[in-house]
Amino acid sequence: MTLFSVAELDTTTTTQAPPPSHRPGRPGLRYERVFASADVHPFDELEWELRTASIADEKGGVVFEQTNVEVPASWSQLATNVVASKYFRGAIGTDERETSVKQLIERVSATITRWAIADGTFADKDSARNFYLDLTWVLVNQVACFNSPVWFNVGVEERPQCSACFINSVDDTMESILDLAKVEGMLFKFGSGAGVNLSAIRSSKEQLTTGGSASGPVSFMKGFDAFAGVIKSGGKTRRAAKMQILDADHPDILDFVDAKANEEKKAWALIEQGYDGCFNGEAYGSVYFQNANLSVRATDAFMRALQNDQPWELKAVNVPKGQPRPSVEKVRAKEVMRRIAHGTWVCGDPGMQFHDTINAWNPVRNSGPIRASNPCSEYMFLDDTACNLASINLRKFQQHGRAFDVEGYRNCIRLMIIAQDTLVDNASYPTPQIEVNSHEYRPLGLGYANLGALLMSMGFAYDSDSGREVAGCLTAILTGEAYRTSAELAKDVGAFKHFEKNRDRFLHVIDKHRSAAEDLAASVRERGLPVDEGLVQAATTSWDDAYALGREHGYRNAQATVIAPTGTIAFLMDCATTGIEPDIALIKVKKLVGGGSLKLVNPTVPEALSNLGYSEAQIEEMQAYLDEHETIEGAPHLKDEHLPVFDCAFKPMNGVRSIHYMGHLKMMSATQPFISGAISKTINMPSSATAEEIEQAYIKAWQLGLKAVAIYRDGSKRTQPLSTGTKKADDGKVAAKETVEAEGGATVGVTVPAAAVARGGAPAPYRRRLPDERRSLTHKFRIGGHEGYLTVGLYPDGTPGEIFIRMAKQGSFVSGLMDAFATATSIMLQYGVPLNALAKTFSHVRFEPDGFTGNPDVPFARSVLDYIFRWLSIKFLQENQEAEARDTEASAAADESGEADPASAGGAAGKTTRE
């Protein structure tokens, strides 16, 4: 393999026209080598070996295999499998097929360097060579990584698609809607994701100019979803990724909110009939909206209306430009949020984005508002723009104990910003408008991965003040240094085209970031938190430098940082945790080729224990305990105050601890002020979480100043990709979303243990408790002159979960008996006994008091229980209303004529006599 050499610097040219942002007469950037050796190529510093990259399916069948793959000996087998199966180019078995990590990294780093030289980025040949060596060193040592489209396409295509994230626009015309489908399809083909705000499409409640009603955005979403489902991202095996957003005041907002939850229930029905329920199976492949994330775009006005329980106006879309939008319908803001929370409870969608918070941090607001995001909500910028992402592996800068290599981290940030900016002018874009905006605004998305593992290994709890302050400092340095480098590029190469138009606004936002960094540093010092002073100092100086340089020279990039989910590239860098996420579990299960599995103890645990002061002997005992019990709770020698350090996103099989959802929200709040974009993160909630708790989490996210939030309730989908341990089929601890036949033949979602889902297994008892605050219905009744009150407590979905019965004086025999019976009935309802089964059992039971009731629906009751369950049946079992009404009339007639009661004298004969 021929590597990039100094000799090429004299002959490298470009056939392209000078990039639109390049300004003649600029001196170019000087770059000093930081990471690589002057005399030894980065590849030659490592030990290499040949391996077989192989991926098997669940049945042990091989779905990918490549032999003699050359990789650094320090890379894991997982990283080997990822790089060979995802990023090597060329057909297997041909000469064009890549076989070595050297070829892959050389293809990318050398191509980017040649582009930078041709663009006039560097001041001299030494700077270009130093940049190439450092970039190669960082990539091969798993210190940083570009987004997948760079690995797919750079050095393969003449004008490659390099961005993973796109934001499209759509207008209220059929031509624009169909163009959007085409643009999204091409983006998915080359491995990118796309987002769009569909609020410009007129609602189904409005008229077409030719007459008739419009289809509305939800109808068109079905077509977009179908295209996404059949196009493999990057020509590989993963599905396309897309985000669809609708403003909270759009007339179709309730249809949008309910759309995915309704489709989820269809998938459950198919699974119940035996269809494959895995991610790519027939059940989910047969329903809509499985290829898109959905988000509601809410304003501060909506959130205030929600808090004050005020009506919320849904406004027409098809309005002449400049005219106010008339109200189409008024709904309760609480009803909109209730249905958002219910949809999230059922299937994880929709999420929420907070429009006014997003635009308060918009540095180019003079150019327009930010209306949408990419599929994971981290890239938020103007419509018709693109962003190439990269992430830094934080653990690579961890030193002994809790020390952190701040200078190395800052140098890596600078290197990656230069590389990412080079991609902007040399990439291809799917539409002319996206190309123009990419060149004129140059948004970038540098982020990090492995934060959760870093904090744990240092001995900081993820959900702690110290953990959040460390994360805040790291994030402040990330964006402050990124903008400092961007200002340096502006000085030597040129600022983005529209900087002067947005100068005051841009500097105002930079100053907001700087003020937040100063507040963070003051808080750490005031409370005496055990955070590396070097981190705290750099968090403020990076922003001071960024502001001063930008004020003088402007900025090269309108946006610099995001916190992406870093899924595949986190595996490539051998990260233990992705993006900003905590660890999933201390014990992970690795499936082996050919079947079987291997239980792995998190490698950060011994480091954390060591940094917390435990001896090697104690650490060995604790690790053995963890391996045996699959939880560190109860481990010998472990102090109670150190338990939070090992809390993970999900509860261990034999433990009770996990990170509370507020811990996730607080971590996002601690880092959001230092991100120019947003944060891709899922708020994990336990399967027992209620829709009300989800609603409160959304409200809290807005109050904490987050730009966007997504919530996933464990087990809410019938299939989920993460495994946190080996669990017995009958342990009753794995929650899954199940449907049971409800009153009136409908289906409702309840949370049941995995044992109850498994076919052929005896269901384990599981109590579905009502939320602390719940709606209720109170009914006054009379039976034969005796008065009583029935109160029914309701689940969020409107089904009964408890009853209270009050008869006669408190403390009397009748009152006590009714209290006990109501308690027993409530427990039966909460353990899943269908109301129709209870109604069939207790309706027509006879004892005193009995007689006429005055209720036309139940005119005569044989007992209190007869009345109560017949009334409940009419109220909550819709399909029984007419039959129940007919039956009550017949019952009354039979009692008045002295006919025998069918419950006591042979039901069939009695019923025949009455008929």
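Before going further, it helps to spend a moment on the overall build of the protein chain. The helix and strand inventory of the protein chain stands at 29 helices and 25 strands. Looking at the 915 residues of the protein chain, the share that counts as buried comes to 56%. Within the protein chain, counting contacts between residues at least 6 apart in sequence, those at least 24 apart form 70% of the total. As displayed, the protein chain has an accessible area near 37100 Å², and 50% of this comes from carbon and sulfur atoms.

An α-helical segment advances 3.6 residues per turn. Residues three or four places apart therefore align on the same side. Buried residues dominate helix α15 (residues 451-458), accounting for 8 of its 8 residues. Among the residues of α15, those classed as buried are Leu451, Gly452, Ala453, Leu454, Leu455, Met456, Ser457 and Met458. In this fold, the buried residues of α15 make contact with β14 (444-449), α16 (465-492), α20 (604-611) and α22 (661-671). Just downstream of α15, Gly459 is the residue with a positive phi angle, here 90 degrees.

Looking only at helix α14 (residues 432-441), the buried set comprises Ile434, Asn437, Ser438, His439, Glu440 and Tyr441. Among the structural elements, β4 (165-168), β12 (380-381), β13 (385-393) and α13 (406-426) are those in contact with the buried residues of α14. The first or second residue beyond α14 is Arg442, which carries a positive phi of 55 degrees.

Running from N to C, helix α10 (residues 300-307) and helix α23 (residues 691-703) point in directions that differ by 130 degrees, and their axes come no closer than 12 Å. The orientation of α10 relative to α23 falls into the category oblique. In this structure, α10 meets α23 at a crossing whose hand is left-handed. Where α10 abuts α23, its residues Asp300, Met303, Arg304, Leu306 and Gln307 lie against Glu695, Tyr698, Ile699, Trp702 and Gln703. Its residues assigned to classes, the contact of α10 with α23 comprises 5 nonpolar, 2 polar and 3 charged.

We now examine the nonpolar core. Membership of the largest hydrophobic core comes to 207 residues, with the highest contact counts inside it found for Phe146, Trp151, Phe302, Met303, Met352, Phe404 and Tyr409. Among the elements that make up this core, the one with the highest residue count is α16 (12 residues). If sequence neighbours within four positions are ignored, Tyr409 has contacts with Ile392, Leu394, Phe397, Phe404, Tyr448, Leu474, Ile477 and Leu478. Judged by nonpolar contacts, the second largest core, of 27 residues, contains Val792, Ile805, Leu829 and Leu877.

Moving on to the sheet that holds strand β22 (residues 786-794). Reading across the sheet, the 3 strands line up as β21-β22-β23 and stay open at both edges, with antiparallel pairing between neighbours. Lying at the two open borders of the sheet, with one neighbouring strand each, are β21 (776-783) and β23 (800-807). Strand-to-strand, the axes of this sheet are offset by a mean angle of 20 degrees, without reference to chain direction. Contacts from helix α27 (residues 864-876) reach β21, β22 and β23, with the element oriented near 135 degrees to β21.

A word on the pairing of strand β18 (residues 708-713). Counting buried residues along β18, 5 of its 6 residues qualify, which places the element largely inside the surrounding structure. As paired elements, strand β10 (residues 351-354) and β18 share 2 bridges and run antiparallel to each other. Note on β18: the bridge partner recorded for Met352 is Val709. Once you follow strand β17 (residues 682-685) into α23 and on to β18, the crossover reads as right-handed.

For the rest of this paragraph, the subject is the side chain of Lys260. Tracing the sequence through the fold places Lys260 in helix α8 (residues 253-272). Polar contacts involving the side chain of Lys260 include one to the main-chain carbonyl oxygen of Ala292, which spans 2.6 Å. Setting aside its immediate chain neighbours within four residues, Lys260 contacts Phe289, Gln290, Ala292, Asn293, Leu294, Cys347 and Asp349.

Inspection of the entire model under this criterion finds 43 salt bridges. As a salt-bridge pair, Arg556 and Asp421 come within 3.1 Å of each other at their nearest N and O atoms. Note that Arg556 is positioned in the loop between α18 (533-553) and α19 (567-572) and Asp421 in helix α13, a separation of 135 residues in sequence. Residue classification places Asp421 among the buried positions, given a relative accessible area of 6%.

Right, let's get into the confidence of the model for the protein chain. Here the protein chain shows a mean pLDDT of 85. Residues at 70 or above account for 84%. Confidence drops under a pLDDT of 50 for residues 725-763, and excluding neighbours within four residues, the segment shows 95 contacts in the predicted structure. Low pLDDT (under 50) marks residues 879-915, which in the prediction has 31 contacts with non-local residues, meaning those over four places away or in another chain.

Moving on to the environment of Arg505. The residue Arg505 is located in helix α17 (residues 503-527) in this model. Spatially, the C-alpha atom of Arg505 lies 8.3 Å from that of Asn362, the residues being 143 residues apart in sequence. Excluding residues within four positions of it along the chain, Arg505 makes contact with Asn359, Ala360, Trp361, Asn362, Pro363, Arg365 and Asn366. A distance of 2.8 Å separates the side chain of Arg505 from the backbone oxygen of Asn362, its partner in a polar contact.

Cut-offs used in this document
Residues numbered from 1 in each chain as written. Predicted model: local features only at pLDDT ≥ 70, side-chain atom pairs only at ≥ 80, totals over all residues. Heavy atoms only, no water. Helix = DSSP H or I, 4+ residues; strand = E, 2+ residues; numbered from the N terminus. Buried < 20%, exposed > 50% of the residue type's maximum accessible area, 1.4 Å probe, protein only. Contact = heavy atoms within 4.5 Å. Areas by Shrake-Rupley, 256 points an atom, 1.4 Å probe, with all protein chains shown as cover. Axes fitted to C-alpha atoms, helices over the stretch in contact; angles between N-to-C directions. Parallel < 35°, antiparallel > 145°, perpendicular 65-115°, else oblique. Left-handed = near helix turned anticlockwise from the far one by under 90°. Nonpolar A, V, L, I, M, F, W, Y, C, P; charged D, E, K, R; others polar. Core = buried A, V, L, I, M, F, W, Y, C linked by side-chain atoms within 4.5 Å. Pairing = 2+ DSSP bridges. Right-handed = clockwise from strand over helix to strand, strands pointing away. Polar contact = N/O pair within 3.5 Å; in protein donor to acceptor, adjacent residues only side chain to side chain. Salt bridge = Lys/Arg side-chain N within 4 Å of Asp/Glu carboxyl O. pLDDT = per-residue confidence, 0-100.

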